[in-house]
Amino acid sequence: NNCSFVQTKIQIMLYSFDDTIIAISTAPGVGAIAVIRLSGSRAIELADKYFKGKNLQKAASHTLHFGQLMTKTDEILDEVVVGLFKAPNSYTREDVVEISCHGSPYIQQQIIGLFLADGVRLATPGEYTMRAFLNGRMDLSQAEAVADLIAAESATGHQIAMRQMRGGFSDELSGLREELVNFASLIELELDFGEEDVEFANRSQLVELLEKIIHTIDGMIYSFELGNAIKNGVNTVIAGRPNAGKSTLLNALLNEERAIVSEIAGTTRDTIEEVLILEGIRFRLIDTAGIREAQDQIEAIGVRKTFEQASKASILIYVFDVTECSPEQVHEDLEKLNHPNEKTLVIANKMDLNPYAKPENYAIGSVSVDNIITASAIHKMNIPYLMSRITSLVKSGEVTAGSTIISNSRHLESLTAARESLHKAKENIQAGVTGDFIAMDIRNALYHIGSITGKIDVDQDILGTIFGRFCIGK
């Protein structure tokens, strides 16, 4: 078992996984029903002890049973439905019992207390999924995808998490790893015959393989920007001078009156943040205070926040009033905002009041005419086009069911380290370095690739960080 070392280490440092655990798996609070999950060797035995209905120990796996849950004094606690999932055909590969009870917090706590008094332990965050990982139900990247799936807030985020949870990413990594292992074993064999001066591994074929794997890893690393945006949201800041129409533009994008709109300059004193989902990507739209010499201390704080937000933005939408702003003023504002040009869109707003304004007149200095969009936010003119442009700044081609998209910073770190080791191996081969150094580089690459799926001795700290993100009951 690839995880035997991990399991032993965690058992020593944390607690035993031989006991039976319990937790509420539904969201906290009052609801129509709640689901309480037990997992472990005593789960079915203890559930049967307090369940009045069918004999659960004799019942088949993957069956539901209606009955009454009794207290120790033989009083009815609740009418429940019990689901049985016998090992190894369960989420944790242990015996699992799911009790669907009424959603009263009192009833939930009484049921939990009933089993705790009989030696069951409360589950820690993510412990069910950790047990699934340690018992070989899923690898580490699939386990992490469970948390991503629960947290998914868009169709594309759900799609990426589902593909990873079903093993698409793991399969691709396993293929790369297997090819590397084959060559690594040949190089290791050469070391055993060091005095014979023989080569079992064809160096030119190994270079070709390394280049192929590096190319694949490069694609995964490149996808992180998109994956991270889909997972966490794209920080999109709307900036410009007072009365340029920033708040009106925010309202138009959201299709609701979210921000106060007034002809009085400086209405927005603080940032306003809202979420917009376009083509499966979550955008965090941030409306900011107008750029100008502040009239009071409060406005000065708002203007300072504008520059801070712009410096951290993934996308900057700069809005200017075509009836008021000159090309030189537009250029001056963009210089102050100091944001990368390729991720900046310039909105020539209020075109309904000045329809003869020419976008190309504002394309001076670093401002490209391709990134200038004419609009009338109040009449929602060109808003659909603006939405497509901000989406295209994030997306690199269509995300399909077969795409491997990296959205986890731990995976990015491991892939980057693996690529570095592979580059070293390639350089050492081309420089004619001895096989022991090449073998070391390949072993390092295998370690980093394996750390993503857990096919190595993963440190307990890594596991604690990963599974600590989960909710109790998962």
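Below you will find a few notes about this structure.

Rules used throughout
All residue numbers refer to positions counted from 1 along the written sequence of the respective chain. Local features in a predicted model are, by the rule used here, given only for residues with pLDDT of at least 70; side-chain atom pairs are given and counted only at 80 or more, and totals for whole chains, interfaces and linings are based on all residues. As a rule here, side-chain values cover all heavy atoms of the structure and leave hydrogens and water aside. Put simply, DSSP marks the helices as runs of H or I at least four residues long and the strands as runs of E at least two long, and each gets a number from the N terminus on. Classification of residues uses two cut-offs on accessible area relative to the type maximum, computed with a 1.4 Å probe and protein chains only: under 20% is buried, over 50% is exposed, and between them is partly exposed. Residues count as neighbours in contact if any of their non-hydrogen atoms are within 4.5 Å of one another. Throughout, the Shrake-Rupley method with a 1.4 Å probe supplies accessible areas, and for residues the shown protein chains are the sole cover considered. Two strands pair if DSSP finds at least two bridges between them. Axes here refer to lines fitted to C-alpha atoms; in helices the fit is confined to the stretch in contact. Angles between the N-to-C directions go from 0 to 180 degrees. For classification purposes, an angle smaller than 35 degrees is called roughly parallel, one larger than 145 roughly antiparallel, one from 65 to 115 roughly perpendicular, and anything else oblique. Note on convention: near helix rotated counterclockwise from far helix by under a right angle means a left-handed crossing. Clockwise means right-handed. In this classification, Asp, Glu, Lys and Arg are treated as charged, Ala, Val, Leu, Ile, Met, Phe, Trp, Tyr, Cys and Pro as nonpolar, and every other residue, Gly included, as polar. In protein, a polar contact means a hydrogen-donor-capable atom and an acceptor-capable atom, both N or O and within 3.5 Å, with residues adjacent in sequence counting only if both atoms are side-chain atoms; elsewhere, any N or O pair within 3.5 Å suffices. For salt bridges, the criterion is a side-chain nitrogen of Lys or Arg within 4 Å of an Asp or Glu carboxyl oxygen.

## Examining the overall build of the protein chain
Here is step 1: The helix and strand tally for the protein chain stands at 16 helices and 13 strands.
Here is step 2: A burial count over the protein chain gives 49% of its 474 residues as buried.
Here is step 3: Put simply, of all contacts in the protein chain between residues at least 6 apart along the chain, 68% involve residues at least 24 apart.
Here is step 4: In the form shown here, the protein chain has an accessible surface area of approximately 22600 Å², with 51% of it arising from carbon and sulfur atoms.

## Some points on the sheet that holds strand E5 (residues 76-85)
Here is step 1: Spatially, the seven strands line up as an open sheet ordered E3-E4-E5-E6-E2-E1-E7, and their pairing is mixed. Edge strands, defined here as strands with exactly one partner in the open sheet, are strand E3 (51-52) and strand E7 (121-122).
Here is step 2: Pairing geometry for strand E1 (residues 21-24) and strand E2 (residues 33-39), over four bridges, is antiparallel. Looking at E2, one finds that Ile 21 is bridged to Ser 39.

## Let's talk about the sheet that holds strand E11 (residues 315-321)
Here is step 1: With respect to topology, six strands assemble into an open sheet ordered E9-E10-E8-E11-E12-E13, the strand pairing being mixed. Of all the strands in the sheet, the pair left with one neighbour each is strand E9 (272-278) and strand E13 (372-374). When strand polarity is set aside, the average angle formed by the axes of neighbouring strands in this sheet is 25°.
Here is step 2: Relative to strand E12 (residues 344-349), E11 runs parallel, the two being bridged by six bridges. Bridge pairing in E12 places Phe 320 opposite Ala 348.

## A look at helix H2 (residues 43-50)
Here is step 1: The element H2 is largely enclosed, with a buried count of six among its eight residues.
Here is step 2: Taken residue by residue, H2 has Ala 43, Ile 44, Leu 46, Ala 47, Asp 48 and Tyr 50 as its buried positions.

## Thoughts on the packing of helix H14 (residues 409-430) against helix H15 (residues 435-453)
Helices that pack against each other are described as a pair by the angle of their axes relative to one another and the distance between those axes.
Here is step 1: Between H14 and H15, whose axes approach to 8 Å, the crossing angle comes to 165°. One element, H14, and the other, H15, form an angle in the roughly antiparallel class. Pair H14 / H15 crosses with left-handed handedness. Here H14 contributes Arg 410, His 411, Ser 414, Leu 415, Ala 417, Ala 418, Ser 421, Leu 422, Lys 424, Ala 425, Asn 428 and Ile 429 to the contact with H15, which in turn contributes Phe 437, Ile 438, Asp 441, Ile 442, Asn 444, Ala 445, His 448, Ile 449, Ser 451 and Ile 452.
Here is step 2: Across the contact of H14 with H15, the residue classes break down as 12 nonpolar, seven polar and three charged.

## Description of unusual backbone geometry
Here is step 1: Omega for the peptide link from Ala 87 to Pro 88 comes to 0°, which places this bond in the cis form.
Here is step 2: One non-glycine residue, Arg 93, adopts positive backbone phi at about 65°.
Here is step 3: Summarising the element assignment, Arg 93 is placed in the loop between E5 and strand E6 (96-102).
Here is step 4: According to the relative accessible area criterion, Arg 93 is partly exposed, its value standing at 39%.
Here is step 5: Residue Asn 382 is not a glycine yet carries a positive backbone phi of 70°.
Here is step 6: Exposure remark for Asn 382: the relative accessible area of 29% places this residue in the partly exposed category.

## Thoughts on the side chain of Thr 20
Here is step 1: Tracing the sequence through the fold places Thr 20 in the loop between helix H1 (4-13) and E1.
Here is step 2: Look at Thr 20 and you get buried, because its relative accessible area is 4%.
Here is step 3: Among the polar contacts made by the side chain of Thr 20, one reaches the main-chain amide nitrogen of Arg 42 at a distance of 3.1 Å.
Here is step 4: Sequence-distant contacts of Thr 20, that is, excluding residues within four places in its chain, are made with Leu 38, Ser 39, Gly 40, Ser 41, Arg 42, Ala 43, Val 120 and Arg 121.

## Here we look at the pairing of strand E8 (residues 234-240)
Here is step 1: The element E8 is largely enclosed, with a buried count of seven among its seven residues.
Here is step 2: Side chains of E8 alternate between two faces, with Val 234, Thr 236, Ile 238 and Gly 240 and Asn 235, Val 237 and Ala 239 buried alike.
Here is step 3: One ladder, built from five bridges, connects E8 with strand E10 (residues 281-287); its direction is parallel. Residue pairing for E10: Ile 238 is matched across the bridge by Asp 287.

## Details of the packing of helix H10 (residues 246-254) against helix H13 (residues 383-394)
Here is step 1: Packing of H10 against H13 brings their axes to within 10 Å, and their N-to-C directions diverge by 85°. When the axes of H10 and H13 are compared, the pair comes out roughly perpendicular. Here Leu 249, Ala 252 and Leu 253 of H10 come into contact with H13, specifically with Ile 383, Leu 386 and Met 387.
Here is step 2: When the residues that make up the contact of H10 with H13 are grouped by side-chain class, the tally is six nonpolar, no polar and no charged.

## Here's the deal with the pattern of salt bridges
Here is step 1: This model, assessed by the stated rule, comprises 15 salt bridges.
Here is step 2: Across the pair Asp 333 and Arg 241 runs a salt bridge, and its minimum N-O distance is 2.8 Å. Residue Asp 333 is found in helix H12 (residues 327-337), and its partner Arg 241 is found in the loop between E8 and H10; the two are separated by 92 residues along the sequence.
Here is step 3: Relative accessible area serves as the criterion here: at 1%, Asp 333 is assigned to the buried category.
Here is step 4: Given the relative accessible area of 22%, Arg 241 is considered partly exposed.
Here is step 5: Put simply, Glu 332 and Lys 336 hold a salt bridge, and the shortest N to O gap is 3.5 Å. Of this pair, Glu 332 and Lys 336 both sit in helix H12, four residues apart, which is roughly one turn of that helix.

## A look at the side chain of Thr 344
Here is step 1: Looking at where Thr 344 falls in the secondary structure, it is placed in strand E12.
Here is step 2: The buried category is assigned to Thr 344, whose relative accessible area is 7%.
Here is step 3: Sequence-distant contacts of Thr 344, defined by excluding residues within four places in its chain, comprise Leu 316, Leu 334, His 339 and Asn 371.

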